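Here is how the chains run, residue by residue.
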Amino acid sequence: MPNFSKEMNEKEYEAKLLGTPYPKQDPYGALSMPVYRTLAYEFSTAEDMEAAFCGRTGEHTYSRITNPTVQHFEERVKRVTGAYGVTALNSGMAAISNTLITLAWSGGNLVTSRHLFGNTYSFFVSTLNAFGVEVRFCDMTNPGEASEAIDEQTCGLFLEIITNPQMEVADLAQLSEVAHAKGVPLIADTTIVPFSAFHAVDFGVDVEVVASTKYISGGATSLGGLIIDYGRFDRYRTPALKALAGAVQSPFHFRLRKEVHRNLGAYMTSDVAYLQSLGLETLQARFERQAAACKELAEKLQSLPQIQVVNYTGLQENPFYEVSKKQFGEYPGAMLTFDLESKEQCFGFLNRLKLIRRATNLFDNRSLIIHPASTIFGTFTALQRETMNVKETTIRLSVGLESVDSLLEDIRQALV
Ligand SMILES: *Cc1c(COP(=O)(O)O)cnc(C)c1O
């Protein structure tokens, strides 16, 4: 078995996770957290109601704000990550939009990379920008450039830990030094390597956003998103957060929970929290198997003559190998890309596959394949695709639970 352990070994992950106590003892001794499919909660007296609604007791009032099943899911994530506050939302995009709406303000700016998940890019340049937030792009692999882009009006530095499909890895420790020296928080989308295997906070990340839709949901059962706040950053420039400095431990978490997520109304539902809580239980076991298969497949695909180049940051010849190894260990995720000669070759190849499924999404139990330029980035202009380095010749593969032999056999027969 490959050694994935960093600080928190696999036994600790599962032991910690499975030992998360329930907030209240269940009257029936239920071993699994029940699904509290209720919208509202009843009170014995008007006084109790007042205390709950004014936030003095922590009792649930309405499931757009909190729900026991979702809270247990959040508690589990909090326990395994060591975070200060965790918020579960109903998609990865909800996690990203809630985070940025908590941080940004009209007249402020956000420093980020052009290499972003398609909807994150669109949210930044269209939605957020329409509310007066300037979006500044820089090369995150060049910390000097990131530093220069930050000024007094910057609300944060945002990046993805392994960009997709470019597979670029920035040095998080360096970027966090740059961000903190300039007085801004580092926000990372860590969807590509789950927190059971990668500790973002050790590299200076202040707020982690995760599309739990991907690895965590377990078998692509549901959409979900997480905002994981380590509560370490407190010098926010955001006017609404500045006003809270000194009064609460994490101004970010406080504003997110007391204002923004309630107003945006994208809280996770109890059914999804139940499914994703089960997903958390098998997360590391699935990740180890899928990431090990991905690495072995990446090595084997390199020798196929029809494949121009294989892009996986766990390969020694990859330009990001060293920084990737430092941050993620030997197994940087279960997704790789490879290039064929032309778009036509890519389409022919995709159409001949028998086992690997043509679908978007990442980290399903099934292996999934897609041609990003014509799908996820299909409505972008050619120039936009070029500046984002999304190539017509690139294919993205998310490796599932099938064996390397079965996957390789399918790929070989489809390459012709
Ligand atoms: C899928 C994904 C998202 C968005 O998640 P949804 O649940 O689809 O909204 C954001 N970031 C990354 C890196 C993703 O892969």
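Residues numbered from 1 in each chain as written. Predicted model: local features only at pLDDT ≥ 70, side-chain atom pairs only at ≥ 80, totals over all residues. Heavy atoms only, no water.

1. Examining the domain arrangement of the protein chain
The line we're drawing: The start and end points of each domain follow an automatic or database-based domain assignment. Note on contacts: a residue pair qualifies if any of its non-hydrogen atoms lie within 4.5 Å across the two residues. Buried area: the accessible area, evaluated with a 1.4 Å probe, that two parts lose upon being put together, summed over both parts.
For the protein chain, the assigned domains are domain 1 (10–273) and domain 2 (285–414). Using C-alpha coordinates to define each centre, domain 1 is positioned 28 Å away from domain 2. The partner domain 2 presents 33 residues to the 34 residues of domain 1 that form the contact. Carbon and sulfur atoms supply 64% of the area buried between domain 1 and domain 2, which totals about 2,900 Å² over both sides.

2. Comments concerning the sheet that holds strand β11 (residues 368–370)
Spelled out, the test is: Paired strands are those between which DSSP finds at least two bridges. Only DSSP runs of H or I covering at least 4 residues are called helices, and only runs of E covering at least 2 are called strands; the numbering of each starts at the N terminus. Every axis corresponds to a line fitted to the C-alpha atoms, with the helix fit spanning only the stretch in contact, and the corresponding angles, defined between N-to-C directions, vary from 0 to 180 degrees.
With mixed pairing, 5 strands are arranged side by side in an open sheet as β8-β9-β12-β11-β10. Of all strands in the sheet, those with a lone pairing partner are β8 (309–311) and β10 (357–358), marking the two edges. As paired strands, β11 and strand β12 (residues 394–398) are joined by 3 bridges and run antiparallel to one another. Paired with I370 across the strands is R396, a residue of β12. Its contacts with the sheet put helix α10 (residues 270–301) on β8, β9 (335–339) and β12, and the angle it makes with β9 is roughly 15°. Relative to β12, helix α12 (residues 343–352) is tilted by about 30°, and along the sheet it contacts β9, β10, β11 and β12.

3. Details of the site of the ligand
As a reminder, the rule being used: Any residue with at least one heavy atom within 4 Å of a molecule or strand is counted as near it. Under this definition, polar contacts are N or O atom pairs within 3.5 Å; protein pairs additionally need one hydrogen-donor-capable and one acceptor-capable atom, and for neighbouring residues in sequence, both atoms have to be side-chain atoms. To be clear on the numbers: accessible area is Shrake-Rupley with a 1.4 Å probe, and residue cover counts the displayed protein chains and nothing else. When residues are sorted by character, Ala, Val, Leu, Ile, Met, Phe, Trp, Tyr, Cys and Pro go into the nonpolar class, Asp, Glu, Lys and Arg into the charged class, and all the rest, Gly among them, into the polar class.
As a structural note, the neighbourhood of the ligand is formed by 13 residues, with G92, M93, D189, T213 and K214 the closest of them. Here an oxygen atom of the ligand and a side-chain polar atom of T213 are 2.5 Å apart. The separation between an oxygen atom of the ligand and a polar side-chain atom of K214 is 2.6 Å. In isolation the ligand has 380 Å² of accessible area, and contact with the protein removes 91% of it. A breakdown of the residues in the shell around the ligand according to their chemical character gives 6 nonpolar, 5 polar and 2 charged.

4. What about the layout of surface pockets?
The test is simple: Both cavities and pockets are sets of points on a 1 Å grid over the protein atoms alone; in a cavity a 1.4 Å probe fits but cannot get out, in a pocket the set is open with protein on both sides within 12 Å along at least five of seven lines, and lining residues sit with an atom within 4 Å of a point. Grid points are joined across faces, edges and corners, and a volume is the space filled by probe spheres set on the points.
Taken as a whole, the largest pocket spans an internal volume of roughly 640 Å³. Surrounding the largest pocket, 24 residues form its lining, T66, Q71, R257, K258 and R262 being those nearest its centre. Looking at the lining of the largest pocket, the elements that each hand over two or more residues are α2 (46–53), α3 (68–81), β1 (85–89) and α9 (251–264). With 6 residues, α9 is the largest single contributor of residues to the lining of the largest pocket. Here the residues of the lining of the largest pocket sort into 8 nonpolar, 9 polar and 7 charged. Roughly 460 Å³ of volume is contained in the second largest pocket. Along the wall of the second largest pocket there are 22 residues; nearest its centre are K24, Y41, E59, H60 and P68. Of the residues forming the lining of the second largest pocket, the biggest block, 3 residues, is contributed by α2. Class assignment for the residues of the lining of the second largest pocket results in 11 nonpolar, 6 polar and 5 charged.

5. What about the nonpolar core?
For soluble globular proteins, the rule of thumb is that nonpolar side chains tend to be buried together. Worth spelling out the cut-off: Note on terminology: a nonpolar core comprises buried Ala, Val, Leu, Ile, Met, Phe, Trp, Tyr and Cys residues joined through side-chain atoms within 4.5 Å. The buried label goes to any residue with under 20% of its type's maximum accessible area, the exposed label to any with over 50%, and the partly exposed label to all in between, with areas taken from a 1.4 Å probe on protein chains only.
Grouped together as the largest cluster of nonpolar side chains are 121 residues, with contacts concentrated most on F124, F195, L226, L301, F338 and F349. Among the elements that line this core, the one with the most residues is α10, at 11 residues. The residues that make up this core include at least three from each of domain 1 (10–273) and domain 2 (285–414). Sequence-distant contacts of L226, that is, excluding residues within four places in its chain, are made with F73, V77, V86, T87, A88, A95, F195, E208, V209, V210, S212 and I216.

6. Considering the pairing of strand β2 (residues 109–112)
Each regular strand carries side chains that alternate between the two faces of the sheet. Convention followed: Handedness rule for crossovers: strands pointing away from the viewer, path from the first strand over the helix to the second running clockwise, crossover right-handed.
By the alternation rule, side chains of β2 split into N109 and V111 and L110 and T112, which are all buried. Relative to strand β3 (residues 134–137), β2 is paired through 4 bridges, and the arrangement is parallel. Bridging across to β3, N109 finds its partner in E134. Crossover β2 to β3 through helix α5 (residues 118–130) is right-handed. Strand direction decides the pairing type here: β2 and strand β4 (residues 154–160), joined by 4 bridges, are parallel. Its bridge partner being in β4, V111 is matched across the sheet by L157.

7. Concerning empty space enclosed by the protein
If you walk through the whole model with that rule in mind, you get 1 cavity of 30 Å³ or more. In this structure, the largest cavity spans a volume of roughly 40 Å³. Every residue lining the largest cavity is listed: F117, G118, N164, P165, I376, F377 and R396. In the lining of the largest cavity, the residues fall into 4 nonpolar, 2 polar and 1 charged. Both domain 1 (10–273) and domain 2 (285–414) contribute no fewer than three residues apiece to the lining of the largest cavity.

8. Quick word on the pairing of β9
Across the 5 residues that make up β9, a large majority, 5, are buried. Pairing between β8 and β9: 3 bridges, direction antiparallel. Across the sheet, the residue bridging to V309 is D339, located in β9. Pairing of β9 with β12, which is carried by 5 bridges, proceeds in the antiparallel orientation. Considered in β12, the bridge of M335 is made with S398.

9. Structural notes on the packing of helix α4 (residues 92–103) against α5
Definition in use: Helix crossings fall into two classes, left-handed where the near helix is turned counterclockwise from the far one by less than a right angle and right-handed where it is turned clockwise.
Following both chains from N to C, one finds α4 and α5 inclined at 35°, their axes separated by 11 Å at the closest point. Considering the relative orientation of α4 and α5, their crossing is right-handed. For the pair α4 and α5, contact is made by M93, I96, S97, L100 and I101 and by N119, T120, F123, F124 and L128, respectively. For the contact of α4 with α5, the residue count by class is 7 nonpolar, 3 polar and no charged.

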